[in-house]
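Here's the letter readout for the chains.
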Amino acid sequence: MTRILWAISTAGVIGCLGPEPADLVITNARVYTMTWPDPDGEGQPAPGAPRDATGWHPDAEAVAIRGTTVAFVGSAAQAQTLVGPKTTTVDLNGGTLVPGLIDSHTHVVELSSNLSRVNLVGVTTEAEAVAKIAERAANVSKGEWIIGYGWDEGAWATRYPTMTILTERVPDHPVYLRSLHGFAGWGNRLAFERAGITRSTVPPTGGQILRDAQGEATGVVLNRAVELFDQAVPAAVGAELERQLAVALDTMAGRGYTAIHEAGTYSAGLAAFEALGRAGRLPVRVYAMLSARDTALARRWIARGPRRDDSAMVQVRSVKAYYDGALGSRGARLLEDYSDRPGHRGVSGGSYGFDQGLVSDLMAAGFQVGIHAIGDAGNREVLDFLESVYRRLPRTRDLRHRIEHAQVLHPDDIPRLSRALLIASMEPPHAVEDMAWAEERLGPERVKGAYAWRSLRRAGTRLILNSDLPGSDWDFFYGFHAAVTRRDRALEPAGGWYPAERLTPEEALRGYTVWPTYASFSEGLSGTIAVGRQADLTGLDLDPLAVGEREPDRLVGGRPMLTVTAGRVVFRRPR
Ligand SMILES: [Zn+2]
């Protein structure tokens, strides 16, 4: 509804000066409001969708914003009437405007420290990784830690590196190199000494220290054993963490995101997000899912209860827990043996540090839980667990619980997610990154239930899409392209990997915009472009619906142009 500005003239006559000017007008845009109903389980658009025989068509040209909310959506001509002397006008030059992008599973705290670490993403050999570390060591005082990240534990699993060459080349600094997905760590001798890992160290349950025939650690730890290093490596806290986080969140805004769901927030991270929020320095909204591994934090919030303040930039009403490991490092719990390792099924539940009592207490206190589950056994056990809590505490059923990844599902379990009102929180990038080895782990039958987006949608499951950054690239068009084609950046394989599980462009766009708002209890506040909604908007240089349908090869070249969070322009691509 348009507000009218009334003024009293000197003659005392009350007159209407026309509509109150907007603070921000975005015009000359292909606006998709996403206000029409959801497509069906096969991806068929709803009757009200702005699509005809020739394809998708935007349903508005311009948006006007007052304060933090949308004040007008419609034609460019009408928007022009809301431009006053103090209005900022953004001409999108025919670009596409969609509801603000949401990355609904992130580790931005890790991203923030990675930005100051040695980047090993894309490094394919041990020699290359060691050379990069030696180069960094030349500029760091002896005795100080050198941290790297990004070597791919899935791709390197056939032959893990050792500490030998790393120790020879970098003897005077403790070196710890986290893997891409955080399920493996590689260190030199000094790092193992600093972490106190000896012949007699017993790894945490669900973890493994790789050893030689004499029982000496060889240089790599797997799955939960990475905690031995996480505890030894000094972490940024306080003002330093805030500084690093501000950089990482600006990076997110620069990629078009207006909100993140931080999947596993510890005390220090939460304090830093809140401090940035108080200082008005958050360019994106933060849905902070508390880490169930931070038991003290979880217990404090159980006593306090979820925070339900819609206007706060930092929301605390959700918890992240881990049920099993990852598929690449063979930590995911499978119902049958790994196809490429007979006798091995991975670890889960209590053996993986999942605390049933704590998680059900959190649910009883009114928290949503997002449980990491990768293997078909891990997912089945999580379904069993949640159903058992529902039976005992029926009210917990409506808290919109999530399975994070839901990566490999037994066909019998696929219908169970929607029956249990669960949200499947999944990563299109994982499918196209894991396709190189996932079938070796799973074999030709089980792989059919992996990354099974269409099967889940067909079964009526709510789906949200995300990157799990920094393990995967969080570029929107990369994830979107993977979702609609099941192909990687190089457009391989030509027909898509198990293409029957593809999503339509509309489903993929909803998975990154409106659907995650249900998962964060903010549907009706944001996620669509409508008068009165929060002004969270993303401008893109190509139309993901029209291009996604007709020329999907072009998607990987798409870029964000504009990010508006709560009415504020937080990113604009320079012309
Ligand atoms: Zn994650």
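What you see is a predicted model; the values in this text were computed from it and never measured. By convention here, each chain's residues receive numbers from 1 onward along its written sequence. With the structure being a predicted model, the display of local features is reserved for residues of pLDDT at least 70 and the display and counting of side-chain atom pairs for 80 or more, all residues being used for whole-chain, interface and lining totals. Only hydrogens and water are removed before side-chain values are computed, so all heavy atoms of the structure are retained for them.

### A few points about the overall build of the protein
Then comes step 1: Helix and strand content of the protein: 19 helices and 27 strands.
Then comes step 2: The reference for a compact globule is 2.2 Å times residues^0.38; the radius of gyration itself is calculated from the C-alpha atoms. Taken over C-alpha atoms, the radius of gyration comes to 25 Å for the protein, in line with the 25 Å a tight globule of 575 residues would show.
Then comes step 3: For the protein, buried positions account for 59% of its 575 residues.
Then comes step 4: Contact between two residues is taken to exist if any of their heavy atoms lie within 4.5 Å; hydrogens are not considered. Taking all contacts inside the protein whose residues are at least 6 apart in sequence as the whole, residues at least 24 apart take part in 75%.
Then comes step 5: Within the structure as shown, the protein displays about 22,600 Å² of accessible surface, and the carbon and sulfur contribution to it stands at 51%.
Then comes step 6: For the purpose of charge, His is not counted, nor are the chain termini; Lys and Arg are scored as positive and Asp and Glu as negative. One atom stands in for each charge, and that atom is NZ of Lys, CZ of Arg, CG of Asp or CD of Glu. In the protein, which carries 63 positive and 67 negative side-chain charges, the distance between the mean positions of the two groups comes to 4 Å. The helix count covers DSSP runs of H or I at least four residues long, the strand count covers runs of E at least two residues long, and both are numbered beginning at the N terminus. Each residue is placed in one exposure class: buried if its accessible area under a 1.4 Å probe, protein chains only, is under 20% of its type's maximum, exposed if it is over 50%, and partly exposed if it falls in between. Only the protein chains shown count as cover for residues, with accessible areas throughout obtained via the Shrake-Rupley method and a probe of 1.4 Å.

### Quick word on the coordination of the zinc ion
Then comes step 1: Only nitrogen, oxygen and sulfur atoms qualify as donors, provided they sit within 2.8 Å of the metal or within 3.2 Å for Na, K and Ca; with water excluded from the atoms, sites may seem incomplete. Donor atoms from the polypeptide that coordinate the zinc ion comprise His105 (NE2), His107 (NE2) and Asp468 (OD), at 2.1 to 2.2 Å from the metal.
Then comes step 2: Of note, the zinc ion draws all its donor residues from one chain, in the sequence arrangement H-x1-H-x360-D. Each member of the pair histidine 105 and histidine 107 is classed as buried.

### Considerations on the environment of glycine 182
Then comes step 1: Within the fold, glycine 182 resides in the loop between β14 (175-179) and β15 (184-187).
Then comes step 2: Relative accessible area serves as the criterion here: at 11%, glycine 182 is assigned to the buried category.
Then comes step 3: Not counting chain neighbours up to four residues away, the residues in contact with glycine 182 comprise Glu153 and Val226.

### Notes on the packing of helix α9 (residues 295-304) against helix α10 (residues 356-364)
Then comes step 1: Comment: axis = line fitted to C-alpha atoms, over the contacting stretch for helices; angle = value between 0 and 180 degrees taken between N-to-C directions. Between α9 and α10, the shortest axis-to-axis distance is 10 Å and the interhelical angle comes to 30°. In terms of axis orientation, α9 runs roughly parallel to α10. As for how α9 packs across α10, the hand of that crossing is left-handed. In contact with Thr295, Ala298, Arg299 and Ile302 of α9, α10 contributes Leu358, Asp361 and Leu362. Note that the term roughly parallel is reserved for angles under 35 degrees, roughly antiparallel for angles over 145, roughly perpendicular for angles of 65 to 115, and oblique for everything else. With the far helix as reference, a near helix turned anticlockwise by less than a right angle produces a left-handed crossing, and one turned clockwise produces a right-handed crossing.

### Thoughts on the packing of aromatic side chains
What characterises a pair of aromatic rings is the spacing of the ring centres plus the angle enclosed by the ring planes.
Then comes step 1: Aromatic pairs are defined between Phe, Tyr and Trp rings, using the six-membered ring for Trp, whenever the two ring centres lie within 6.5 Å; interplanar angles under 30 degrees are classed as stacked, those over 60 as edge-to-face, and all others as tilted. According to the stated counting rule, one finds 14 aromatic pairs in the structure shown.
Then comes step 2: Relative to tryptophan 186, the ring of tryptophan 151 lies with its centre 6.0 Å away and its plane at 80°, an arrangement referred to as edge-to-face. Separated by 35 residues along the polypeptide, tryptophan 151 in strand β13 (residues 146-151) and tryptophan 186 in strand β15 bring together distant segments of the chain. Neither tryptophan 151 nor tryptophan 186 differs from the other in exposure class; each is buried.
Then comes step 3: Here phenylalanine 476 and phenylalanine 477 contribute two aromatic rings whose centre-to-centre distance is 5.0 Å and whose plane-to-plane angle is 65°, an arrangement assigned as edge-to-face. As far as the burial class goes, phenylalanine 476 and phenylalanine 477 line up, both buried.
Then comes step 4: An aromatic cluster is built from Trp151, Trp156, Tyr160 and Trp186, whose rings are joined through pairwise contacts.
Then comes step 5: A ring is scored as having a charge over it whenever the NZ atom of a lysine or the CZ atom of an arginine sits within 6 Å of its centre and within 35 degrees of its normal. Its end group placed over the ring of phenylalanine 521, arginine 317 keeps NZ or CZ at 4.0 Å from the ring centre.

### Thoughts on the packing of α10 against helix α11 (residues 376-392)
Then comes step 1: In the contact formed by α10 and α11, the axes pass within 11 Å of each other and the chain directions differ by 50°. Taken together, the axes of α10 and α11 are oblique relative to one another. Like other packed secondary-structure pairs, α10 and α11 cross with a definite hand, here right-handed. Residue-level inspection shows Gln356, Val359, Ser360 and Met363 of α10 in contact with α11, the latter providing Phe385, Leu386, Val389, Tyr390 and Arg392.

### Remarks on the domain arrangement of the protein
Then comes step 1: Throughout, the edges of the domains are those of an automatic or database domain assignment. Looking at the protein, the domain boundaries give domain 1 (109-232) and domain 2 (323-469).
Then comes step 2: Its C-alpha centre places domain 1 at a distance of 28 Å from the equivalent point of domain 2.
Then comes step 3: Each partner contributes residues to the interface: domain 1 has 12 residues there, and domain 2 has 16 residues.
Then comes step 4: Both sides of the domain 1 and domain 2 interface together cover about 1,000 Å² of buried area, and 60% of this is carbon and sulfur.
Then comes step 5: The rule for a salt bridge is simple: a side-chain nitrogen of Lys or Arg has to be within 4 Å of a carboxyl oxygen of Asp or Glu. In this structure, the connection of domain 1 to domain 2 is made through 0 salt bridges. Two parts placed together each lose some accessible area under a 1.4 Å probe, and adding up what both lose gives the buried area.

### A word on unusual backbone geometry
Then comes step 1: Here the bond from leucine 469 into proline 470 is cis, since omega is 5°, no more than 30 degrees from zero.
Then comes step 2: Here proline 470 is to be found in the loop between β24 (462-465) and α16 (476-485).
Then comes step 3: Note the cis peptide between glutamate 492 and proline 493, where omega equals -15°.
Then comes step 4: With respect to the element layout, proline 493 can be found in the loop between α16 and α17 (505-511).
Then comes step 5: Its identity as a non-glycine residue notwithstanding, asparagine 223 has a phi of 50°, on the positive side.
Then comes step 6: For asparagine 223, the location among the structural elements is in strand β17 (residues 217-223).
Then comes step 7: With relative accessibility at 8%, the residue asparagine 223 sits in the buried group.

### Here we look at the pairing of strand β10 (residues 96-99)
Then comes step 1: At least two DSSP bridges between two strands are required for those strands to pair. Inspection of the sheet shows strand β4 (residues 30-31) paired to β10 by 2 bridges, in the parallel sense. Residue pairing across strands places arginine 30 opposite threonine 96, the latter belonging to β10.
Then comes step 2: Two strands pair when backbone bridges link them, and β10 and strand β25 (residues 537-540) are joined in this way by 4 bridges, in the antiparallel orientation. Residue pairing for β25: threonine 96 is matched across the bridge by leucine 540.

### Some words on the sheet that holds β17
Then comes step 1: Strand order in the open sheet formed by 6 strands is β12-β13-β14-β15-β17-β16, with mixed pairing between adjacent strands. Looking along the sheet, the strands with just one partner apiece sit at the ends: β12 (118-119) and β16 (207-211).
Then comes step 2: In the sheet, β14 pairs with β15 via 3 bridges, with the strands oriented antiparallel. Bridging from a neighbouring strand, arginine 178 pairs with glycine 185 of β15.

### A closer look at the nonpolar core
Then comes step 1: Here, nonpolar core means buried Ala, Val, Leu, Ile, Met, Phe, Trp, Tyr and Cys residues that are tied together by side-chain atoms lying within 4.5 Å of each other. Core analysis: the largest hydrophobic core is formed by 99 residues, its most contacted members being Met252, Leu327, Leu386 and Phe476.
Then comes step 2: In contact with methionine 252, other than residues within four places in its own chain, are Asp103, Val108, Leu111, Tyr257, Ile260, Val284, Leu469 and Trp474.
Then comes step 3: Core analysis: the second largest hydrophobic core is formed by 22 residues, Val130, Ala134, Tyr160 and Leu166 among them.

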